[in-house]
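Tertiary structure, described
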Amino acid sequence: MAWGTFGVAHIATLVFAVVLNIALYFILKKCSQKVQVTVLGILSFWGIAAIIYNLFPLEMALEYLPLHLCSFNAMILPFAVFTRNKVIGNLTLLWSLGAAMALILNHSIAHAEIGSHIFCFYYFPHVFEASIPILLFKLGLCKLDAKCIFSTVGISAAVYTSVHLINLAINEYCKNNNIVDRAGRIIDVNYMYSMAPDNPLLDLFYEWIPQPFWYMLPVIPIVLIYLGAIYGIAGLVKKKKSA
């Protein structure tokens, strides 16, 4: 059965992801901190496994470099779990959104058969990349800190800018050296979608600002609202518990 987008199969997998992580939370809640860290640490390597999987075959490596937000989240997630560093942990709250959106807006992989290796190396890494940051905070393994908004936004902006420059460099190199993909077309990468939108939401931003890189500017206030809501709600809950 093909995964599809917003069909019965797709929605069922989204529900399963939520149920799986709720069950994981209640199971780990009864365990020691050492067990919690070990289990989440092992699960966090799903994303690293997916990065390695996507780099093969090597002749297609330029098109599948780990330069999307999900990939960056996958790379820092083991550090967030094992070090419980506050800055990295709070950063994953934002970067995990990329994984959640990849599960919801799955059109690039909708043709995959459920249970196939292509599906498994896409679905499970994104499920755990989206949920482990939440579990870290729910289990008390990492501390929510509103002051980290500045580091989160700053690091994210720096990474996005760096990736855009990498996009320009790769595309220029491929154009000048006639580097083609399997279809015989000059390779033209679009990591982090800095060159052009790749889903309906980003299409809307591009209509407002039809310029590569700059069209993502509306994301900044959305990010600030999102993070502000998380820290605000967490603060209210903490205040209520201490009352």
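Placed above this text is the structure.
My aim in this report is to walk through the structure given alongside it, one point at a time. (Residues numbered from 1 in each chain as written. Predicted model: local features only at pLDDT ≥ 70, side-chain atom pairs only at ≥ 80, totals over all residues. Heavy atoms only, no water.)

Here we look at the overall build of the protein
Keep this limit in mind: Numbered from the N terminus, helices here are DSSP runs of H or I no shorter than four residues, and strands are runs of E no shorter than two. What the globule rule says is 2.2 Å times the number of residues to the power 0.38, and the radius of gyration is computed from C-alpha atoms. In this scheme, a residue with accessible area under 20% of its type's maximum is buried, one over 50% is exposed, and one in between is partly exposed, where area comes from a 1.4 Å probe on protein chains only. Computed with the Shrake-Rupley method and a 1.4 Å probe, the accessible areas treat only the protein chains shown as cover for residues.
When helices and strands are counted, the protein shows 9 helices and 0 strands. Counting from the amino terminus, helix and strand elements in the protein follow one another as α-α-α-α-α-α-α-α-α. Its C-alpha atoms give the protein a radius of gyration of 19 Å, near enough to 18 Å, the size a compact globule of 243 residues would have. Residues classed as buried in the protein amount to 39% of the 243 residues present. Accessible area of the protein: about 13300 Å², with a carbon and sulfur share of 72%.

Side note on the packing of aromatic side chains
For clarity, the cut-off: Between 30 and 60 degrees the pair is tilted, below 30 it is stacked and above 60 it is edge-to-face, where a pair is any two Phe, Tyr or Trp rings, Trp via its six-membered ring, whose centres lie within 6.5 Å.
Here the structure, examined in full by the defined rule, presents 15 aromatic pairs. Ring pairs connect the aromatic residues Trp3, Trp46, Tyr53, Phe119, Phe121, Tyr122, Tyr123 and Phe124, which therefore count as one cluster.

Topic: helix α3 (residues 46–54)
Condition: Working note: the arc is built from the helix axis to C-beta atom directions. The contact definition used throughout considers only heavy atoms, calling two residues in contact when any of these lie within 4.5 Å.
Those residues of α3 that sit buried are Gly47, Ala50 and Ile51. The buried residues of α3 occupy one face: seen down the axis, they fall within an arc of 100 degrees. In this structure, the buried residues of α3 make contact with α2 (33–44), α4 (69–83) and α6 (117–138).

Describing the environment of cysteine 142
Structurally, cysteine 142 can be placed in the loop between α6 and α7 (148–177). By relative accessible area, cysteine 142 is classed as buried at 8%. Here the alpha-carbon distance between cysteine 142 and serine 32, two residues 110 residues apart in the chain, equals 15 Å. Excluding residues that lie within four positions of it along the chain, cysteine 142 makes contacts with Arg84, Asn85, Lys86, Gly89, Leu136 and Phe137.

Observations regarding the pattern of salt bridges
For clarity, the cut-off: A pairing counts as a salt bridge when a side-chain nitrogen of Lys or Arg comes within 4 Å of a carboxyl oxygen of Asp or Glu.
Tallied over the full model, the rule gives 2 salt bridges. A salt bridge links lysine 86 to aspartate 145; the shortest N-O distance between them is 2.8 Å. Highlighted residues: lysine 86 in helix α5 (residues 86–104) and aspartate 145 in the loop between α6 and α7, separated in sequence by 59 residues. One salt bridge connects arginine 185 with aspartate 181, and the closest N-O pair in it is separated by 3.4 Å. Among the residues examined, arginine 185 registers a relative accessible area of 54% and is labelled exposed. Taking the relative accessible area as the measure of exposure, aspartate 181 reaches 15% and is therefore buried.

Regarding the packing of helix α1 (residues 8–29) against α2
Spelled out, the test is: As a rule, the C-alpha atoms of each element are fitted with a line to give its axis, helices using only the stretch in contact, and angles between N-to-C directions run from 0 to 180 degrees. Convention used here: angles under 35 degrees read as roughly parallel, angles over 145 as roughly antiparallel, angles from 65 to 115 as roughly perpendicular, and any remaining angle as oblique. Crossing handedness is defined as follows: a turn of the near helix away from the far one that is anticlockwise and smaller than a right angle gives a left-handed crossing, while the clockwise case is right-handed. Each residue gets one of three labels, nonpolar for Ala, Val, Leu, Ile, Met, Phe, Trp, Tyr, Cys and Pro, charged for Asp, Glu, Lys and Arg, and polar for the others, Gly among them.
Their axes nearest at 10 Å, the elements α1 and α2 cross at an angle of 150 degrees. With respect to their mutual orientation, α1 and α2 come out roughly antiparallel. For the pair α1 and α2, the sense of crossing is right-handed. On α2, the residues that touch Leu24, Leu28 and Lys29 of α1 are Gln36, Val39, Leu40 and Leu43. Broken down by class, the residue content of the contact of α1 with α2 amounts to 5 nonpolar, 1 polar and 1 charged.

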